[in-house]
There are 2 protein chains.
Amino acid sequence: MMQTALTLTQMINRAEKYFPKKQVVSRTASGIKRFTYKEIAERTRRLADGLETLGVERGDKVGTLAWNHHRHLEAYFAIPCSGAVLHTINIRLSPQHIAYIVNHAEDKVLLIDSDILPLIEKIHSEFTTVQAYIIMTDEEELPETTLEPVYHYEKLLASADDSYEYPDDLDENAPAGMCYTSATTGNPKGVVYSHRGIVLHSMALGLVDGAGVSEKDIALPVVPMFHVNAWGLPFAAVWFGTTLVMPGPYFTPKLIAELIEQEKVTITAGVPTIWLGLLKELDEKTYDMSSLRAVLCGGAAAPRGIIHAFEKKHNIPFMHAYGLTETSPLVVISNLKSYQEQLSDDEKINIKAMQGILVPGLEMKVIGKDGEIKWDGAEMGELALRGPWIASEYYKDERTAEAFKDGWFYTGDVVTVDEEGFMKIVDRTKDLIKSGGEWISSVDLENALMTHEAVFEAAVVAVPHEQWQERPVACVVLKDDYTGKTSAEELLQFLEPQFAKWWLPDEIIFMKEIPKTSVGKFLKRTLRDHVQKDILQRN
Amino acid sequence: MMQTALTLTQMINRAEKYFPKKQVVSRTASGIKRFTYKEIAERTRRLADGLETLGVERGDKVGTLAWNHHRHLEAYFAIPCSGAVLHTINIRLSPQHIAYIVNHAEDKVLLIDSDILPLIEKIHSEFTTVQAYIIMTDEEELPETTLEPVYHYEKLLASADDSYEYPDDLDENAPAGMCYTSATTGNPKGVVYSHRGIVLHSMALGLVDGAGVSEKDIALPVVPMFHVNAWGLPFAAVWFGTTLVMPGPYFTPKLIAELIEQEKVTITAGVPTIWLGLLKELDEKTYDMSSLRAVLCGGAAAPRGIIHAFEKKHNIPFMHAYGLTETSPLVVISNLKSYQEQLSDDEKINIKAMQGILVPGLEMKVIGKDGEIKWDGAEMGELALRGPWIASEYYKDERTAEAFKDGWFYTGDVVTVDEEGFMKIVDRTKDLIKSGGEWISSVDLENALMTHEAVFEAAVVAVPHEQWQERPVACVVLKDDYTGKTSAEELLQFLEPQFAKWWLPDEIIFMKEIPKTSVGKFLKRTLRDHVQKDILQRN
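Residues numbered from 1 in each chain as written. Chains lettered and ligands numbered in written order. Predicted model: local features only at pLDDT ≥ 70, side-chain atom pairs only at ≥ 80, totals over all residues. Heavy atoms only, no water.

Where an unreviewed UniProt entry is consulted, chain A appears under the name Fatty-acid--CoA ligase, with the organism given as Bacillus canaveralius. Regarding chain A, the relevant UniProt record gives this comment under Sequence similarities (unreviewed entry): "Belongs to the ATP-dependent AMP-binding enzyme family." (UniProt positions renumbered as here; feature names shortened; annotations may be inferred.)

This is the structure:
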């Protein structure tokens, strides 16, 4: 067989050659714009030429700080197809972390949305490698800025050559992109994506047994393009000639609902918070959502209630999935098996509430306390992954050794797998409570507590125990109306019929607030230290 | 990203692990048998162990002479996953050609269906490398045979070890399979398939924009497993956990119709002749064909009439495709674009009568007399292909140089491409008539002639011409009732309104029969020599 390389160049070329009339619908600061793939492909070549003019060479990192829009899409191809590396930067990270990763990645050029400019102006003096800034704006002139040297994206394209040709000798294992993921402690960790990895991941997205992305789709990636390549959707969509709808900056649930209705979106993707917002919007106003064939949900486990509301109340197919920055991200997806389609609606929603089944192309193993777990939906273990779109290291980072062992990536996620091979996230390894040689899921206890009418939120952490090594303690925030009226005993009685006796928390501590990260996740480490100190002082 | 290899081992492992209950329905000489993927996977490991016991080592070729059934499927995985090379042998080739390719490939072991045994007994004395024969039979004892040493497939499996483990260090570029394709002159030419090529080709089959093969399908490969890996369907089906229905030996259109109805087949694949037979059966008897989502048709262009009958008369979706032994085979497939779905039924059938659009992952160019052709549906050129599942050579064969140039495979097929990128086969390069610097398609003239009520069959060939280099001459066989009653003038008048004047044949020669190959194709080379000599003698 021919040794042709799996590179991104074939994707943009295919869109231009076979789907020149198909569209990218892009919402920017000044409204909705429409581009054909013919136009996008020409602009992409111009951007590649413009970057070359600015001195970007093969292997150079080019950072983007931008929302989901057509210019960001052009960068998605112009940078890797010219041999450079697309470094998407999470604009929601702290300014210190942004400065760290720009320097750590050694970004040579930054592409910045004009509304993100103020953030970068505050920290650009710390940048050690950046040689040029390109501002992405609809305005004719550049905004006032202290950045230097600075270029206007559209003017750069206008003065560039659209006869630019992508190099045809790219190595499929060459880096195409990179993304940093925030760590529990310390600086973010970088993951480098190869051309080969992205091509194979895009194929997985296009499989019927993957996400089934195709030319017939109209795809709305709500998940940001600075977050694991918007789950790879822009790459797959361009390759297959899928119509893309880009929601742009500062969107609301209302805007998402309107875009779905107006553009007849067939597939959209985002985190549970987004879908909770959309559900609320759909409850308040009637929209035509009948074009949707899949609401792809990842980033965190969606509560069963959300899935039920989408599927039964609004008749919108919901599709759970799981992945991480280190996994490109698609790992499992909740495609029901043919014979599961005959189950009752309730049973089907139970299956959909799990994260799903491994997509073709990857391998997984789940390591419990006694080796590989039994697939019984109960035994817990840490998920480890192997495959051509799984990272093999953190970029120039000593923390590689913690997660990458014996050719496997250890996710740090504790999961169960049922008889049919469906995986369910149970906890993070570091949050799991190891009691008397058995494992207790903090997440299961939290979810149960949060179904109690008095509970606003609950976090369960481990405290050291002489006899049992660790025991669970629950931290509970009551709803305003219930404060002082609901007792720990009442909550424990509520839990009792749902769990084995030894799972029940030794103590329930009421709090006013549970400490959280910038993205709203419980800061369990802080909480654990706090609770342990508290208990120690009391004893 | 991890450097995990793309090998077939992951496919059979995935079927066993995730789809142990799914089935392979296998029709053999003694009736229909059902196996779960759990059983198939165990038997496959046993076969791999058995072959190892017989001395098969990495890189060794193991030939199969067999129909489509579960044992052949087991060989499809046991051989390549153990590191050997699956050499499927076309049992319809002449005995001399079969002996040639067994020796040329250097097959070490042959797996043979018991009904094919007599054919092999006639030629086995010519084999220079074969060290063992394994007979695939439902009978408890081996048939009488002169082959030596000879093994009983089921007994080999029974005495083998199912704890056998496939090697985990296979190179993705290592050979996994091979298949010989008959040449116009001389011996068949061998094509070697790599693990990587087959994995990527299987992904293309699973794409919505490919053939959309998935776990939800029930696939019936009518195309023989000795013919380009049954178009790759067994590999894709096992990987995705698709139910497989294997039609076994000597099937009839009636049997195919019954299997589709009884097993609720969703996708089936074969050549136009098969579908012509099925149509006739459907006209004679009523079957429930409502489970079918695609009748995949390749190997030769299907006449528009067949497509119309499937789609309009029987409401069965028809899916044209194109490929060759050298291309794994899937190259183009007639998936309509989203905006083409709005066209009239007639226009849609016109599109489906073309071979289709390039699947993601490959590149094509079409070289006409003045370089790359215009995509206007009219200009003709030779199709050249590039990509990871396109062969790079003929196995140990000097004819490689004729077809593989500058990193491209030149198919020898003359095609047009329309504005939307849909490709249509027009002719073979060697059959094209080059007249006055322009190209005339022999196939177009033949198809037009064959729509005349008096014509049974027609072949058009080039004869040398002083002024125009070449001119077309038509050879026509009239139907019995019309012999002697239909004139050349009448046929020329019939053609006149359909073609440019310079396309019309200079002469129409009536014949009793047109010489054909063993698979029923016109022997144009013989015909051309014959006609040229005939005309020369007359002048």
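(A) Molecular detail of the overall build of chain A. A tally of helices and strands in chain A yields 17 helices and 27 strands. Computed over the C-alpha atoms, the radius of gyration of chain A is 24 Å, within 12% of the 24 Å expected from 2.2 N^0.38 for a compact globule of 539 residues. Considered along the principal axes of its C-alpha atoms, chain A spans approximately 70 × 55 × 55 Å. Counting all 539 residues of chain A, 60% fall into the buried class. Carbon and sulfur atoms make up 49% of the accessible area of chain A, which amounts to about 21,400 Å² in all. (Helix = DSSP H or I, 4+ residues; strand = E, 2+ residues; numbered from the N terminus. Rg over C-alpha atoms; globule rule 2.2 N^0.38 Å. Buried < 20%, exposed > 50% of the residue type's maximum accessible area, 1.4 Å probe, protein only. Areas by Shrake-Rupley, 256 points an atom, 1.4 Å probe, with all protein chains shown as cover.)

(B) How the structure looks around the side chain of E420 of chain B. Inspection of the secondary structure puts E420 of chain B in the loop between β21 (408–417) and β22 (423–428). Residue classification places E420 of chain B among the buried positions, given a relative accessible area of 13%.

(C) Representation of the relation of the copies chain B and chain A. Of the two same-sequence chains, chain B is brought onto chain A (RMSD 0.1 Å, axial shift 0.0 Å) by a rotation of 180°. In symmetry terms, the pair is related by a two-fold rotation axis. Closest approach to the rotation axis among the C-alpha atoms of chain B is made by L207 of chain B, whose C-alpha sits 2.0 Å away. (Least-squares fit on C-alpha atoms with pLDDT ≥ 70 in both.)

(D) Region of interest: the interface of chain B and chain A. Facing the 60 residues of chain B at the interface are 60 residues of chain A. Summed over both partners, the interface of chain B with chain A comes to about 5,100 Å²; 58% of that surface belongs to carbon and sulfur atoms. Of all residues in chain B, M1, M2 and Y18 of chain B bury the most surface against chain A, accounting for 19% of the area lost on that side. Here chain B and chain A share 6 salt bridges between them. Here K21 of chain A ties to E420 of chain B by a salt bridge, and the two come within 2.4 Å at their closest N and O atoms. Taken together, the links from chain B to chain A amount to 22 residue pairs in polar contact (both at pLDDT 80 or more). (Contact = heavy atoms within 4.5 Å. Buried area = accessible area lost by both parts, 1.4 Å probe. Salt bridge = Lys/Arg side-chain N within 4 Å of Asp/Glu carboxyl O. Polar contact = N/O pair within 3.5 Å; in protein donor to acceptor, adjacent residues only side chain to side chain.)

(E) Region of interest: the pattern of salt bridges. For the structure shown, the criterion picks out 73 salt bridges over all chains. The salt bridge involving E141 of chain A is made with K155 of chain A; its shortest N-O contact spans 2.8 Å. Note that E141 of chain A is positioned in the loop between β6 (132–136) and β7 (150–152) and K155 of chain A in helix α6 (residues 153–158), a separation of 14 residues in sequence. As a salt-bridge pair, K108 of chain B and D60 of chain B come within 2.8 Å of each other at their nearest N and O atoms. Of this pair, K108 of chain B sits in strand β5 (residues 107–113) while D60 of chain B sits in the loop between α2 (37–53) and β3 (61–65), placing them 48 residues apart in sequence.

(F) Structural detail: unusual backbone geometry. The omega torsion across E148 of chain A and P149 of chain A is -5°, close enough to zero to call that bond cis. Here the amide bond leading from S328 of chain B into P329 of chain B is cis, since omega sits at 5°, within 30 degrees of zero. Tracing the sequence through the fold places P329 of chain B in the loop between β14 (318–323) and β15 (330–333). With a phi angle near 55°, W231 of chain B is a residue other than glycine that sits in the positive phi range. Located in the positive-phi region is N315 of chain B, a residue other than glycine, with phi close to 60°. Along the chain, N315 of chain B turns up in the loop between α12 (304–313) and β14.

(G) Broad picture of the sheet that holds strand β8 (residues 175–181) of chain A. Residues and elements named next belong to chain A. Read from one edge of the open sheet, 7 strands run β7-β6-β5-β3-β4-β8-β9, paired in mixed fashion. Only two strands of the sheet have a single partner each, and these edge strands are β7 and β9 (189–194). Across the sheet, the mean angle separating the axes of adjacent strands is 25° when strand polarity is ignored. Where strand β3 (residues 61–65) meets strand β5 (residues 107–113), 5 bridges bridge the pair, whose relative direction is parallel. Bridged to G63 within β5 is L110. Packing against the sheet, helix α3 (residues 70–81) makes contact with β3, β4 (85–88), β5, β6 and β8, and its axis sits at approximately 145° to β4. Of the strands in this sheet, β3, β4, β5 and β8 touch helix α4 (residues 95–105), which is tilted by about 150° from β8. (Pairing = 2+ DSSP bridges. Axes fitted to C-alpha atoms, helices over the stretch in contact; angles between N-to-C directions.)

(H) Spotlight on the pairing of strand β27 (residues 507–510) of chain B. Residue and element names in this part refer to chain B. Alignment of strand β26 (residues 469–478) against β27, held across 4 bridges, turns out to be parallel. What sits directly across from C475, in β27, is I509. Handedness of the crossover joining β26 and β27 through helix α16 (residues 488–495): right-handed. (Right-handed = clockwise from strand over helix to strand, strands pointing away.)

(I) Looking closely at the sheet that holds strand β6 (residues 132–136) of chain B. Residues and elements named next belong to chain B. Across the sheet, which stays open at both edges, the 7 strands sit in the order β7-β6-β5-β3-β4-β8-β9 with mixed pairing between neighbours. The open sheet terminates on both sides in strands that have one partner only, identified here as β7 (150–152) and β9 (189–194). Here the average twist between neighbouring strands, direction ignored, is 25°. Strand direction decides the pairing type here: β5 and β6, joined by 5 bridges, are parallel. Following the sheet pairing, L110 is matched in β6 by Y133. Its contacts with the sheet place helix α4 (residues 95–105) against β3, β4 (85–88), β5 and β8 (175–181), and it is angled at close to 150° to β8. Across the sheet, helix α7 (residues 195–206) touches β8 and β9, and the angle it forms with β9 is around 75°.

(J) Spatial organisation of the domain arrangement of chain A. Residues and elements named next belong to chain A. By domain assignment, chain A separates into domain 1 (9–23 + 35–193), domain 2 (361–428) and domain 3 (433–538). At the junction of the two partners, domain 1 supplies 16 residues and domain 2 supplies 7 residues. Applying the counting criterion to the domain 1 and domain 2 interface returns 1 salt bridge. Measuring nitrogen to oxygen at the nearest pair gives 3.3 Å for the salt bridge that ties E106 to K396. (Domains from an automatic or database assignment.)

(K) Expanded view of the packing of α3 of chain A against helix α9 (residues 233–240) of chain A. Residue and element names in this part refer to chain A. Viewed as axis vectors pointing N to C, α3 and α9 meet at an angle of 80°, and their least axial separation amounts to 11 Å. If you check the angle between α3 and α9, you find them roughly perpendicular. Residues L73, Y76 and F77 of α3 form the contact with α9, whose own contacting residues are P234, F235 and V238. (Parallel < 35°, antiparallel > 145°, perpendicular 65-115°, else oblique.)

(L) Up close: the nonpolar core. Within the largest apolar cluster, 206 residues are counted, with the highest numbers of intra-cluster contacts made by L111 of chain A together with L111 of chain B. Look past the residues within four positions of L111 of chain B in its chain and what remains in contact with it is L47, L51, V62, G63, T64, L65, A75, I134, M136 and Y153 of chain B. (Core = buried A, V, L, I, M, F, W, Y, C linked by side-chain atoms within 4.5 Å.)

(M) Structural context of the pairing of strand β13 (residues 294–297) of chain B. All names here are of chain B. Taking every second residue as pointing to the same face, both faces of β13 are buried, with A294 and L296 on one and V295 and C297 on the other. With 4 bridges connecting them, strand β12 (residues 267–270) and β13 associate as parallel partners. Counted as the bridge partner of A269 is L296 from β13. On the question of chirality, the crossover connecting β12 to the parallel β13 by way of helix α11 (residues 272–284) is right-handed. As paired strands, β13 and β14 are joined by 3 bridges and run parallel to one another. Within β14, the position partnered with V295 by the bridge is F318. Handedness of the β-α-β unit built from β13, α12 and β14 comes out right-handed.

(N) Looking closely at the state of the cysteines. All names here are of chain B. This model, assessed by the stated rule, comprises 0 disulfides over all chains. Distance from the sulfur of C81, which forms no disulfide, to the nearest cysteine sulfur (C179) is 18 Å. Here C81 falls in the buried class, since its relative accessible area comes to 0%. (Disulfide = S-S within 2.5 Å.)

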